[in-house]
Amino acid sequence: MRSPEQQGTPRVLIVDDEPVIQDVLRGVLSAEGCDVGSAADAATARTMLESERDWDVVLLDVMLPDADGLEVLQWIRSYQSDLSVVMITAFGTVENAVAAMKLGAFHYLRKPFKNEEVRLLVRQALPATRARELRRVTSWWVGVISRTSVQPGRLAANGPQPHQPTRRPHWLARRPHAPILPMPLPGIPSVSLRQASR
């Protein structure tokens, strides 16, 4: 869970069983201002991803001691589809990396890699993660509006009820295992959809 000071800081999870690779990637990404975590196996990575939903990018080795990296990728895509996953592959396993991209990986990083390659891939992966999250949230709100019986004009004219309890859609939260906290809506000035689009 991010502290208030870390809000907006990119979070990258490194999943690789080689300490040297972890250290190099951590150094490169920390210098870029990222908050970096690491896991040496699939089980630890899964625990970290389940306990903290605010990761932005995962750097995932194709070969892990307790699981196939492609299986881990499939689990990540089903569990948290917003995440951009960059596969790490050794020379001679590029075929696996290409297969991973077909399964939804953002890209792959081939060992031995250059530091600038790491920086570039993470910079490209971050907007992709946030764009997918934005599309998902937008899609949810479109569904809510399409299902409501209140016309947009009437909704804007009436405005939200000052003390109407509301809940954030729990599946949208980065931490879905945390308790749902109902909270009253404060008075918000009425703005029509046409005004908001200007």
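The rules we used
- Residues numbered from 1 in each chain as written.
- Predicted model: local features only at pLDDT ≥ 70, side-chain atom pairs only at ≥ 80, totals over all residues.
- Heavy atoms only, no water.
- Phe/Tyr/Trp six-rings, centres within 6.5 Å; stacked < 30°, edge-to-face > 60°.
- Helix = DSSP H or I, 4+ residues; strand = E, 2+ residues; numbered from the N terminus.
- Buried < 20%, exposed > 50% of the residue type's maximum accessible area, 1.4 Å probe, protein only.
- Lys NZ or Arg CZ within 6 Å of the ring centre and 35° of its normal.
- Pairing = 2+ DSSP bridges.
- Core = buried A, V, L, I, M, F, W, Y, C linked by side-chain atoms within 4.5 Å.
- Contact = heavy atoms within 4.5 Å.
- Axes fitted to C-alpha atoms, helices over the stretch in contact; angles between N-to-C directions.
- Salt bridge = Lys/Arg side-chain N within 4 Å of Asp/Glu carboxyl O.

Student: Help me out: how do you make sense of the packing of aromatic side chains in this one?
Tutor: The geometry of two aromatic rings is summed up by the distance between their centres and the angle between their planes. Enumeration over the complete set of coordinates arrives at one aromatic pair. With 4.8 Å between their ring centres and 10° between their planes, Trp75 and Tyr79 make a pair best called stacked. Within this pair, Trp75 and its partner Tyr79 are both found in helix α3 (residues 69-79), separated by four residues, close to a single helical turn. You can call Trp75 buried: its relative accessible area is 16%. The side chain of Arg11 reaches across the aromatic face of Trp55, ending 3.9 Å from its centre.

Student: What is the right way to read the pairing of strand β4 (residues 84-89) from this model?
Tutor: Taking burial as the measure, the six residues of β4 include six buried ones, the bulk of the element. Relative to β4, strand β3 (residues 57-61) runs parallel, the two sharing five bridges. Residue pairing in the sheet places Leu59 in a bridge with Val86 of β4. Strand direction decides the pairing type here: β4 and strand β5 (residues 107-110), joined by four bridges, are parallel. Residue pairing in the sheet places Thr89 in a bridge with Arg110 of β5.

Student: Sorry if this is basic, but what is going on with the nonpolar core here?
Tutor: Across soluble globular proteins, nonpolar side chains have a tendency to be buried as a group. Among the nonpolar cores identified, the biggest contains 22 residues, and Leu49, Val58, Leu60, Ile76 and Met87 are the most heavily contacted of them. Sorting the residues of this core by element identifies β1 (11-15), α2 (42-51), β3, α3 and β4 as the ones contributing at least two each. Here this core takes five residues from α3, the largest share from any one element. Here Ile76 is in contact with Leu49, Val58, Leu60, Ser81, Leu83 and Val85, once residues within four sequence places are set aside. Judged by nonpolar contacts, the second largest core, of 19 residues, contains Leu25, Val28, Val118 and Leu121.

Student: Would you mind showing me how to read the sheet that holds strand β2 (residues 35-39) here?
Tutor: Two orientations exist for strands paired in a sheet by backbone hydrogen bonds: parallel and antiparallel. Across the sheet, which stays open at both edges, the five strands sit in the order β2-β1-β3-β4-β5 with parallel pairing between neighbours. On the outer flanks of this sheet lie β2 and β5, each paired with one strand and no other. Averaged over all pairs of adjacent strands, the angle between strand axes in this sheet comes to 20°, irrespective of strand direction.

Student: Would you explain the pattern of salt bridges in this entry?
Tutor: Summed over all chains, the structure comprises 11 salt bridges. Here Arg11 makes a salt bridge to Asp35, at a shortest N to O gap of 2.9 Å. Placement of Arg11 in strand β1 and of Asp35 in strand β2 is noted, with a sequence separation of 24 residues between them. The two residues Arg11 and Asp35 agree in class, both being buried. For Asp61, the salt bridge goes to Lys111, with nearest N and O atoms at 3.6 Å. One end of the pair, Asp61, is in strand β3; the other, Lys111, is in the loop between β5 and α5 (115-147), with 50 residues separating them in the sequence. Linked by salt bridges that have partners in common, Arg11, Asp35, Glu52 and Asp54 make up one network.

Student: Would you mind showing me how to read unusual backbone geometry here?
Tutor: Trans is the prevailing form of peptide bonds, just as negative phi is the prevailing case for residues other than glycine. Here the amide bond leading from Lys111 into Pro112 is cis, since omega sits at -10°, within 30 degrees of zero. Within the fold, Pro112 resides in the loop between β5 and α5.

Student: How do you make sense of the environment of Leu60 when you look at a structure like this?
Tutor: Within the secondary structure layout, Leu60 lies in strand β3. Of the residues examined, Leu60 reaches a relative accessible area of 0% and is grouped as buried. A sequence separation of 29 residues divides Leu60 from Thr89, and the C-alpha atoms of the two residues are 8.7 Å apart. Those residues within four positions of Leu60 in sequence are excluded, and the remaining contacts are Val15, Gly69, Val72, Leu73, Ile76, Val85, Val86, Met87 and Ile88.

Student: Quick question: what am I supposed to make of the environment of Pro19 here?
Tutor: As for its placement among the helices and strands, Pro19 is situated in helix α1 (residues 19-31). Residue class for Pro19 comes out exposed when judged on its relative accessible area of 57%. In sequence terms Pro19 and Ala39 are 20 residues apart; their C-alpha atoms lie 9.8 Å from each other.

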